[in-house]
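Summary of structural features
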Amino acid sequence: MARKFFVGGNWKCNGTTEEVKKIVSTLNGGDVPSPDVVEVVVSPPFVFLPLVKTTLRPDFHVAAQNCWVKNGGAYTGEVSAEMLVNLDIPWVILGHSERRSLLKESNDFVGDKVAYALAKGLKVIACVGETLEQREAGSTMEVVAAQTKAIAERVTDWTNVVLAYEPVWAIGTGKVASPAQAQEVHSELRDWLQANTSPEIASTTRIIYGGSVSGGNCKELAAKPDVDGFLVGGASLKPEFIDIIKSAEVKKSS
Ligand code: PGA
């Protein structure tokens, strides 16, 4: 079964109401391939989710950038999976490296969050990726396997999981992974899934790449067989996000 190309836009902690409206209007006017060719999900900060959800074109969907690890309650500042479900927010990004490093989210904590969010009916973009130090030490695969294992230990149904490989050294740095570097890790991750989950999960789970993806480099990356799409940060706030969505066409012709 072919894996549908997936493009996520992670707006991170950016935007004013006016800026958000402008981005939505650019997206709404964008000429992009049909939803059977590409799935598009944008992830504004929590406070803008209702605005984006109600104004965004219906063929694009929204994601939260995080959610709490269990049901709500006395957790000041957190937003629960139940609340996202209540607001009809279909997706959530979990385990982004900025949260892993700045907020010290461990592999187990991220695994718990992924399992909880899925159990509540959310679809999850689960992020993994190594630091520059880890890459230089030759431990890239060990790191991403451990991050993925913490999810695999808690999740049996991967239908609603998109795995985002985002090398930390490539995020927000302008230093995109080469297509060969991305393909290498994606293919090893797929092998890992094959060995540790099931051949079915390995062949159907989308593995998307994130880290300095732009309108200029997306086509070459998209052409790699195990790159099933992108998670885009900086460029998702700009009109070039449309070009990144269009890179899905590369798969159609391959
Ligand atoms: P970037 O961010 O595209 O700005 O590098 C990607 C991400 O953090 O998801």
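Above this text is the structure in question.
Described in the following lines is the structure provided in the data block. Please read these numbers as outputs of a predicted model, since none were measured by experiment.

Describing the packing of helix H5 (residues 107-119) against helix H7 (residues 140-152)
Between H5 and H7, the least distance of the axes is 8 Å, while the angle of their chain directions is 40°. Here H5 lies oblique to H7, going by the angle between them. With respect to the hand of their crossing, H5 and H7 are arranged in right-handed fashion. Residue-level contacts link Asn-107, Asp-108, Gly-111 and Val-114 of H5 to Ala-146, Gln-147, Ala-150 and Ile-151 of H7. Looking at side-chain class alone, the contact of H5 with H7 contains four nonpolar, three polar and one charged residues.

A look at the nonpolar core
With 69 residues, the main nonpolar core has Leu-27, Val-52, Val-92, Val-114, Tyr-209, Phe-230 and Ile-245 as its most contacted residues. Residues in contact with Ile-245, not counting those within four places in the same chain, are Val-7, Val-32, Pro-33, Val-38, Val-40 and Phe-60. Counting eleven residues, the second-largest nonpolar core is a separate cluster that includes Ala-63, Ile-93, Ile-125 and Val-162.

Remarks on the site of the ligand
Near the ligand lie 13 residues; those nearest to it are Lys-12, His-96, Glu-166, Gly-172 and Ser-212. Within the contact set of the ligand, an oxygen atom lies 2.6 Å away from a backbone nitrogen or oxygen of Gly-172. Measuring from an oxygen atom of the ligand, one finds a backbone N or O atom of Ser-212 at 2.7 Å. Against a free-state accessible area of 280 Å², the protein chains account for coverage of 95% of the ligand.

Describing the pairing of strand E2 (residues 38-43)
Across the six residues that make up E2, a large majority, six, are buried. Residue alternation in E2 divides its side chains into two sets, Val-38, Val-40 and Val-42 and Glu-39, Val-41 and Ser-43, and both sets are buried. In this fold, the crossover linking strand E1 (residues 5-10) to E2 by way of helix H1 (residues 17-29) has right-handed handedness. Examined bridge by bridge, E2 and strand E3 (residues 60-64) share three bridges and lie parallel to one another. Bridge assignment links Val-41 to a residue of E3, and that residue is His-61.

Basis of the calculations
- Residues numbered from 1 in each chain as written.
- Predicted model: local features only at pLDDT ≥ 70, side-chain atom pairs only at ≥ 80, totals over all residues.
- Heavy atoms only, no water.
- Axes fitted to C-alpha atoms, helices over the stretch in contact; angles between N-to-C directions.
- Helix = DSSP H or I, 4+ residues; strand = E, 2+ residues; numbered from the N terminus.
- Parallel < 35°, antiparallel > 145°, perpendicular 65-115°, else oblique.
- Left-handed = near helix turned anticlockwise from the far one by under 90°.
- Contact = heavy atoms within 4.5 Å.
- Nonpolar A, V, L, I, M, F, W, Y, C, P; charged D, E, K, R; others polar.
- Core = buried A, V, L, I, M, F, W, Y, C linked by side-chain atoms within 4.5 Å.
- Buried < 20%, exposed > 50% of the residue type's maximum accessible area, 1.4 Å probe, protein only.
- Near = heavy atom within 4 Å.
- Polar contact = N/O pair within 3.5 Å; in protein donor to acceptor, adjacent residues only side chain to side chain.
- Areas by Shrake-Rupley, 256 points an atom, 1.4 Å probe, with all protein chains shown as cover.
- Right-handed = clockwise from strand over helix to strand, strands pointing away.
- Pairing = 2+ DSSP bridges.

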